[in-house]
Every structure is written in C-alpha cells, then in structure tokens.
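Residue-level listing of the chains:
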Amino acid sequence: MDTREIRSRTPDRAGMAVRAGVELSWVAYGSGEPTILLMPTWSIVDSRVWKMQIPYLARHFRVLTFDGRGSGGSSKPSGPQAYANREFAADAAAVLDDAGVDRAVVVALSAGAAWSVHLATAHPERVLGVVAIGASCRLGAPAPNRDPYPWENRHDTIEGWAKYNRYYWLEGGYQDFLEFFFGEMFSEPHSTKQIEDAIRWAGETDPAVLVDTVPAQRGEPPGAPSLEELCKRVSCPVLVMHGRDDRIPSYKIAVRLAELTGGELVLIDGGGHGLPSRAPVLVNSAVRRFAERLVPPSGRRPARRSGRRPRVLYLSSPIGLGHARRDLAIADSLRAQRPDVQIDWLAQDPVTRVLVEQGEKVHPASSALASESGHIEAECGEHDLHAFQAIRRMDDILVNNFGVFADLLEQERYDLVVGDEAWEVDYYLHENPALKRSAYAWLTDFVGWLPMPDDGPAEAALTADYNAEMLGHRARLRELRDRSIFVGNSDDIVPDAFGPGLPAIRAWTERNYDFAGYVTGSQVDADRDEARERLGYRTDERICLVTVGGSGVGVPLLRRIVASAAHLRRLAPDLRMVVVTGPRIDPSVVPPTEGATVVGYLPDLDRHLAAADVAVVQGGLTTCMELTAARRPFLYVPLRHHFEQNFHVRHRLERYRAGRCVEYDDLADPDQLAAAVVAELERPLDYRPVETDGAARAAALLADLI
C-alpha cells in the first residue's frame, strides 16, 4: 500500500505477513477497540481504495488493512487457484496473526464480501461482525449487461461489457477497459476524482494477474460448500450496504446476502458500486455505529450544551492567515452586537497561533484536524501551486476533517456554525443534509473554480463539473445554508461563467448571496510616523516590506526578492528591505544579504504593512487588500497555476486600482526587480477606498441566526 496517498494520517505500524510463500503487506492505524479489518477488494486495486475510511475510523478504533495478493506491496502468485476465495480468507487470518489481533470487525467491498464470509465461517471466533459493501459474489442475481459477453470467449465487438474479456486485457485493451469499468463503478454524477484515482491505481496492476483472478472467483471448487451454504453458516452480525444504481453487481445480490446471513440491509438510493469513495461520510458513520453496537465505547456522553449562553462554532480556513484576521474582526463585531455569545474555534495551524495570541478559545477537537496547510505546501513547486488540483488531491483530508466536525456536533450543541471557506463542511453537509444540527452560515471571498488556460480543455471540463455539482447542491438544498455571505461586493466577482451552459458567476452570486463588503482585519494607525517609530523603523529610512503570507509556499519568491536587495539599495540608498517569513517558514532558509533584514512571524503584520513605504507580496487577497486599505504601493506576484490569485484576486485589485501584478518569471533579473520596486514606490496612487464596516455588516448577518 502506498501510504503517501493517505495524506491525513500516518501509519502506526506496518508489517509483512507470509503465508504459503505469499507475502502480504499490511498497515495498522490507531489503537481503539475493536479492530476494524478493511479487507482487500478485487486485485485490480490495492488497499488505497480505503483511503477515505482509514483516517476517520482510526480515531475511534484500531484499523488494519492489507494489500490483497496480486496487488500493491503483496506477492503476485500465478494461476487461478492462487486467487480462490478461501486463499484470500486465509490471508486475512494470517494478517490478523502477524498484527497480533485476536478478533476484528471485518469490512469488505465488492469481491471482498465473499472472502469475509469464508473468514467468518472458517474462523468464527475471530470475526465480531461483517460489513459487506457492494457485494460482488455469486448469489444467483443475473447481470443482463454482462452475461451476453462471456469473459473467456473472443467477441466481435469491444463495446460496453464486451471489454470485460481476458483477450482484450492481454492484447492491448486493458487501459480502455479500466476507463469503462471505473466509469461504471462510479455511476454517480461528478465522480471524476474517484474515477481518476481508480484508473491510476489499476494501471499499476498486471492484467495477467486479473486474468487469473476471474475464474477463481466464479465458484467454489468441486466438493466444497457453495457460497450460499456458507452464508447460512455465518453466526456473527452482518450489515449489508449496496447502491441501488450499482452497475457492477445488482443490489439484488445484497438482498440475497442479507437474507442468507440474517443481516441488516441498507440500500442507498442513487448509489453506485464505489460507496466507500463516493459516499465516505455515510459509509464511515455506518461502520462506526455497527462496530460500537458490537463493542460499546466507554466514556462517551450524549450531546450536551454547557450553560445558557448562545454558542457559535467558528471554522476558519487554515490556508494562510488572511481568514483568521478577518474572522477575528467579524467575531469581535458579533460579540459587540451580541455580548452574551460564546465563540469556540475549530481551527488548525497557522490560524490557531493567531487565535491563541488573541485569547480566543480553540476547541480541543482541533487537534484531530489533518493539516491542510501542510498538504498545500507539499503540493507547491517553485512559486507554482495548482490550487484547484491540490484541493482535489486533499480529498481524504477533507473527509477526515469533516468527521472531526461531525463528531464534535454529536457531543456538543451549538446555536450557529460559521464556516469561512470550510470546504469540507459545506460539501459534506450538502451530501449528508441530515447531519445539519444547527443554523449554518457560509462565508467566502470568491465563487467559482476557474481553469488555468495552459491546462487545456480537460481542466476546463473538470472545473465546470465541480461548479455544476455545487450549483446542483444549492438548487436542491437552498435551505441548508441559513446565510451565504460574500466577503466583498458584487463588482468584486469575476465576469466569467461557471462553465459551458452554466450561469454567469456574478449574476448567480447576486441571487444567492448576501454581500458584507470587504472585511479587513488590519489596524491602520492614525499617526503613521508614530507607528513607524513604535515598530522600530528609523525616520531616515524607507522600508520595502516583503511577505508571502501565512503558508510555507513562498520560499522561492523570498529568495528571489532578497537577491535584488543590493541592486535596490543602489537605486534607493535609503530603502531597507524587511523580509517576513511568516509562521511556517524558518527564517534561516533565506540567505543573509546586506540590505535585507529577515524576521519570522509578526503577529502585527498588518501594522508593518501600513507602516511600509512599498511592499512586495504574494498574490493572496488579504495581504493585498490590507495594503490597499492602508494606501501603500505594492507589487504582487501570483503563484503560477493558482486560479484564485491569478483571476479572482487580480480582478478585485484591478477594480480597486491597487498594486501592480508581476509575473514570477519577470523577477529573475535582480536589476529589473529593483527597478520595478522603485517605480511602484514613486507611482502616484489612485486607489478606490476600502470600506471599513465589512466586519460589522457580516456580524449583523450572523447575529440574526442566533
């Protein structure tokens, strides 16, 4: 298993069980009871198929998963007999032994359901219960789309299920089959990421291995009990989950499996075959509650509400520090309007640093959040962050963090949840509206995913698909958000459309959002000279402030700007460069340079920005708007492929006539960079004024919900 794809959780243990010469790579997470054994599925993919379950379940239980024979880091034996149902069941027992686990709740997807039945009947003392999801096993249900195309025969066509064919796989059609098969597996609309992941994983599988697996799964050997007979022998509790729109095995198999085992049956309307990936919150919750029925948790309390004060849970996006500053301003205004309100924060680094410094209450559940900033930093190249794709690849982090949020609301009651670009909460509440437990307000400063032009029509189609899913959520569940607040004004919205055949972004946002105006968290001092002296700046010098915000993605930009310090001093001898690395960059990564002072995190960065004579910054909205509000000249350098900085932020700054956009590649020449800084320093300013009442307006919209 490639555990690097599980970005939200690192393994606690790993090992290699060996049975009859076959190596079985396993990984364990967490330490709670009982153990959840996530079974392999068909060898077309390895145990990465469980990446959306592992982080959530590992906070409640010990989770054990292994790559089935023929996939991932496990052995790939030859011959159909090596892939019989009983072999996978015996492998599971061997993994339990190697990991030191006596008993487990066994969770299976697709072909793994049959192996779980074998395990539960061969070792009943070791299986506490079975969860069978999308069971794909021989229980008599016909497959009218597949049956006309026998797997072992050559066909005159390669259309549809004729691709499910040994000759086609071995003779060059394997990739085409994968694209077809996973399109059928993820039949739900807007499943592009799930299909993309599965095709990539399956590309690592040898089609010859799959050829061996198919006949082995089509029945039991002569003289052995049938699967139906084994199902009747299962003595442990069973939960059967199946999508009604499953196009791989019919949901009628699930009905039969539940009948034979005496199990509980849950059919998911509109669900396809890949429920663990496509409906992870639903699956995670079902597995957890099933396991807790078998081994009740200790110390869990019912949802409670402490005191009589109205309570607000505030979620502030951790990608940078801009959200924290504006959210604190909104929270202060909310307290001014509702002095009785109590605000708790569900947040992560670097936002928590700002909150703690301001004396705010960070909820202890925040420690369970997986790092979004860390993921974004890992995705960044040299001043290059494909923001849209980075967020797509953050899927297991978002599921984990929504699980933290949902668990918290099970334990404590709040009158209002405020999500400032809390993408996971907004998305998964729309996917699971029954989990809404309080009034809910959504804040954002941009609307609409936009494609980067150099990524071509494929990305344009993806962003349009993501936008269409959001539009569908909002059309079906208008009442789910009690407020949608745009941090800005209508003219700040880009003039683009959500995609071909989709509405214009501005017109749609005007119909669906309240506008608070821009919310600045900055504190502009009335006496700038006094402020400069208090901040340690001399009266005989001018300051060029350089900052890249609260994330760790700006190191290349800092180094490139610092390289121009000597050139800048030649053009403007009284201009000193002050470089602020922020909370997530070690100042030592910036080389010492004459004419440049390097400092780390500054909690009062907004005051330094207002006190500077000129600034060079990344293209983040908050820093740029703080400079605009303070009427300071600045250059901003959007991250390459960062659609928000390149389109949404730039559009807004152009509306305010603020700053000068510079491409990163244009900064390679230190002389050219120095000249651009001096030119901006001397350029007359004609900025549009930034409103000062945005926080109060946003707070008023929230106060109505309490």
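Note: the structure precedes this text.
Only a predicted model underlies this, so the values are computations on that prediction, with no experimental measurement involved.

Draft legend 1. Quick look at the sheet that holds strand E11 (residues 361-362). What the seven strands build is an open sheet, ordered E11-E10-E9-E12-E13-E14-E15; its pairing is parallel. What marks the edges here is a single partner per strand, and that holds for E11 and strand E15 (514-515). In this fold helix H15 (residues 395-411) packs onto strand E9 (311-316), strand E10 (342-346) and strand E12 (416-420), with an angle of close to 175° to the strand it touches most, E9.

Draft legend 2. Main features of the sheet that holds strand E17 (residues 575-580). The strand order across the open sheet built from six strands is E18-E17-E16-E19-E20-E21, with neighbouring strands paired in parallel fashion. The open sheet has two edge strands with one neighbour each: strand E18 (596-599) and strand E21 (660-661). Here strand E19 (residues 614-618) runs beside strand E20 (residues 634-637); their pairing, made up of four bridges, is parallel. Paired with Gln 618 across the strands is Val 637, a residue of E20. Across the sheet, helix H25 (residues 670-682) lies against strand E16 (542-547), E17, E19, E20 and E21, angled at about 135° from E20, the strand it touches most.

Draft legend 3. Spatial organisation of helix H11 (residues 322-337). Across its 16 residues, H11 extends 23 Å between first and last C-alpha, which sits within 8% of the 22 Å expected from 1.5 Å per residue. Residues of H11 that are buried include every one of Gly 322, His 323, Ala 324, Arg 325, Arg 326, Asp 327, Leu 328, Ala 329, Ile 330, Ala 331, Ser 333 and Leu 334, and no others.

Draft legend 4. Structural view of the pairing of strand E3 (residues 35-38). The two faces of E3 match: Thr 35 and Leu 37 on one face and Ile 36 and Leu 38 on the other face are all buried. Sheet analysis places E3 next to strand E4 (residues 62-66), joined by four bridges and oriented parallel. From the neighbouring strand, Ile 36 faces E4, where its bridge partner is Val 63.

Draft legend 5. Geometry of the pairing of strand E6 (residues 127-133). Within E6, seven of the seven residues are buried, which leaves it mostly tucked inside the rest of the structure. Relative to E6, strand E5 (residues 104-109) runs parallel, the two being bridged by six bridges. If you follow Leu 109 over to E6, its bridge partner there is Ile 133. Running through helix H3 (residues 112-122), the crossover from E5 to the neighbouring parallel element E6 is right-handed.

Draft legend 6. Representation of the environment of Gly 32 in the model. With respect to the helices, strands and loops of the structure, Gly 32 is situated in the loop between strand E2 (22-29) and E3. Once the C-alpha coordinates of Gly 32 and Leu 57 are considered, the two residues, 25 residues apart in sequence, prove to be 9.4 Å apart. In contact with Gly 32, other than residues within four places in its own chain, are His 60, Phe 61 and Arg 62.

Draft legend 7. Here's a closer look at the environment of Arg 569. Its place among the elements puts Arg 569 in helix H21 (residues 565-571). Between the C-alpha atoms of Arg 569 and Ala 596, which are 27 residues apart in sequence, the distance is 9.7 Å. For Arg 569, the residues in contact, after removing those within four places along its chain, are Leu 575, Arg 576 and Gly 595.

Draft legend 8. Region of interest: the side chain of Gln 194. Following the sequence through the fold, Gln 194 ends up in helix H5 (residues 192-202). The class of Gln 194 is buried, set by a relative accessible area of 15%. When near neighbours in sequence (up to four residues on either side) are disregarded, Gln 194 contacts Phe 186, Ser 277 and Arg 278.

Here is what the cut-offs are and how they apply
- Residues numbered from 1 in each chain as written.
- Predicted model: local features only at pLDDT ≥ 70, side-chain atom pairs only at ≥ 80, totals over all residues.
- Heavy atoms only, no water.
- Pairing = 2+ DSSP bridges.
- Helix = DSSP H or I, 4+ residues; strand = E, 2+ residues; numbered from the N terminus.
- Contact = heavy atoms within 4.5 Å.
- Axes fitted to C-alpha atoms, helices over the stretch in contact; angles between N-to-C directions.
- Expected span 1.5 Å × (residues − 1).
- Buried < 20%, exposed > 50% of the residue type's maximum accessible area, 1.4 Å probe, protein only.
- Right-handed = clockwise from strand over helix to strand, strands pointing away.

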